[in-house]
Amino acid sequence: MSDNKGPRPAALVSGTIIRIDARASQVATPGEVLHCVLRGRLTAAKGVDKRLLAVGDSVKVRPLGPGRGAIEEILPRRTKLSRRAAGPDRREQVVAANIDQVVIVTSLADPPLNLNLVDRYLVAASRGGLAALICLNKIDCGAEADHAAATAALRPYAALGTPLVWTSARTGLGIDALRDRLAGRTSVFAGKSGVGKSALLNAVEPGLALHSAEISAATGKGRHTTTFSSLLTLSNGGLVIDTPGIRAYTLWEVDPNDLDRHYPEIHAERGGCRFANCTHSHEPECAVKEAVAAGRIEERRFASYLRILAGLDEE
Ligand code: GDP
Ligand code: ZN
């Protein structure tokens, strides 16, 4: 007791995980960014799996020396975006924590507009209790007919109340609108590789330290080999989580009986189904299927609902 001459441990400080890689987590604290390990005791005592730490997590850290610390406590998450990990155990992997909105990026061309993937991300956002913003990028590409087709295809989303921005990272069109939508909240960019997520972030804030560039400089490998996530701060106060976890996206389990909750226009019709637990697939007297036939629910949206229900992955 009194013969303990060692220095007193530093007081705990609050911080946010801004980056996770194989070696350590970086935690932004009011004073500095600390490279942190997860307390072994915490891991053992509370069954906390290091892999369950996510960028955006609020933590309590014990400073251990210049630039170093140990994560002693992980605070409850306000929100989370999860996916199913690759591999046989299919465990939950939290892609980002404490975010407000998912910016679903898709492109008009190269790669072509993929609305099934948009729907999948919308389900993920809704399931995580997050707002969604659809960003249609590369509007400098494509013929007039493609623009007209995209306008028509995206109309149902406006009816659902999902905001939409049309952008070109190349010409700068729509970038101000996108930047405004990022102000004062924490967003995560989701979308297939090649749709322009990195280019958009660079257009929103030139000079932003995107890790994809860092890794290609460090390893000489391509930009899609990123293995860590980071949280970026925009000058308008917005925070953006840039994560490779979202690039190869697989939905984290959704209960088949609950899936329609994430399709508002389908959910609105389900009261008319004969069976209370109708999944609107094989059941008779299904009001949802009648609504599809009557044109009140868009066929493509219903088809994407059935794909997710059947457990089919997108690409
Ligand atoms: P990410 O994989 O989603 O991060 O996509 P990138 O930002 O790496 O962009 C993929 C490719 O599309 C790059 O060659 C970009 O230069 C290009 N690109 C991105 N945005 C636009 C755009 O608005 N218009 C055009 N024409 N090309 C774009
Ligand atoms: Zn039904």
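In case you missed it, the structure is sitting above this.
Quick caveat, the model's predicted, so the values are computed rather than measured.

A. Representation of helix α2 (residues 115-127). For α2, which comprises 13 residues, the first-to-last C-alpha distance of 18 Å matches the rise-based estimate of 18 Å (1.5 Å per residue) to within 8%. By the criterion of burial, α2 is predominantly enclosed, with 11 of the 13 residues buried. Every buried residue of α2 is accounted for by L115, N116, L117, V118, D119, R120, Y121, L122, V123, A124 and A125. Against the buried residues of α2 lie β6 (80-84), β8 (101-107), β9 (131-137), α3 (144-159), β11 (186-190) and α9 (299-309). Of the residues that open α2, the one with a side-chain oxygen 3.3 Å from the backbone nitrogen of N116 is N114. Of the residues trailing α2, G129 is marked for its positive phi of about 70°.

B. Here's a closer look at the nonpolar core. The biggest cluster of nonpolar side chains holds 38 residues, and the ones touching the most others in it are I71 and V102. When contributions to this core are tallied by element, the ones reaching two or more residues are β1 (13-20), β3 (33-38), β4 (58-65), β8, α2, β9, α3 and β11. Sort the elements by how many residues they give to this core and α2 lands first, with 7 residues. Split by domain, the residues of this core number at least three in each of domain 1 (13-74) and domain 2 (80-242). In contact with V102, not counting residues within four places along its chain, are L81, A125, L130, A131, A132, L133, V188 and A190. Formed by 17 residues, the second largest nonpolar core is a distinct cluster that contains L133, V165, V195 and L234.

C. Just the coordination of the zinc ion (ligand 2), in detail. Looking at the zinc ion (ligand 2), one finds its protein donor set to be C273 (SG), C278 (SG), H280 (ND1) and C286 (SG), positioned 2.0 to 2.4 Å from the metal centre. Look at where the donors of the zinc ion (ligand 2) fall in the sequence and you get C-x4-C-x1-H-x5-C. Assessed through its relative accessible area of 8%, C273 is described here as buried. Given a relative accessible area of 1%, C278 falls into the buried group.

Conventions adopted
- Along every chain, residues carry numbers that run from 1 in the direction the sequence is written.
- Whichever chain is written first is A, and whichever ligand is written first is 1; the rest continue in order.
- Local features in this predicted model are restricted to residues whose pLDDT is 70 or higher, and side-chain atom pairs enter the listing and the counts only when it is 80 or higher, whereas totals over whole chains, interfaces and linings include all residues.
- To get the side-chain values, take all heavy atoms of the structure and skip hydrogens and water.
- Only DSSP runs of H or I with at least four residues qualify as helices, and only runs of E with at least two residues qualify as strands; both kinds are numbered from the N terminus onward.
- The span one expects for a helix is its residue count, reduced by one, times 1.5 Å.
- Each residue is placed in one exposure class: buried if its accessible area under a 1.4 Å probe, protein chains only, is under 20% of its type's maximum, exposed if it is over 50%, and partly exposed if it falls in between.
- Any two residues whose heavy atoms approach within 4.5 Å are treated as being in contact.
- Pairing of N or O atoms within 3.5 Å defines a polar contact, subject to two protein rules: one partner must be a possible hydrogen donor and the other a possible acceptor, and residues neighboring in sequence count only if both atoms are side-chain atoms.
- To qualify as a nonpolar core, a set must consist of buried Ala, Val, Leu, Ile, Met, Phe, Trp, Tyr and Cys residues joined through side-chain atoms within 4.5 Å.
- Residue ranges for the domains originate in an automatic or database domain assignment.
- Note that water is not among the atoms used; donors are N, O and S atoms within 2.8 Å of the metal (3.2 Å for Na, K and Ca), so sites may look incomplete.

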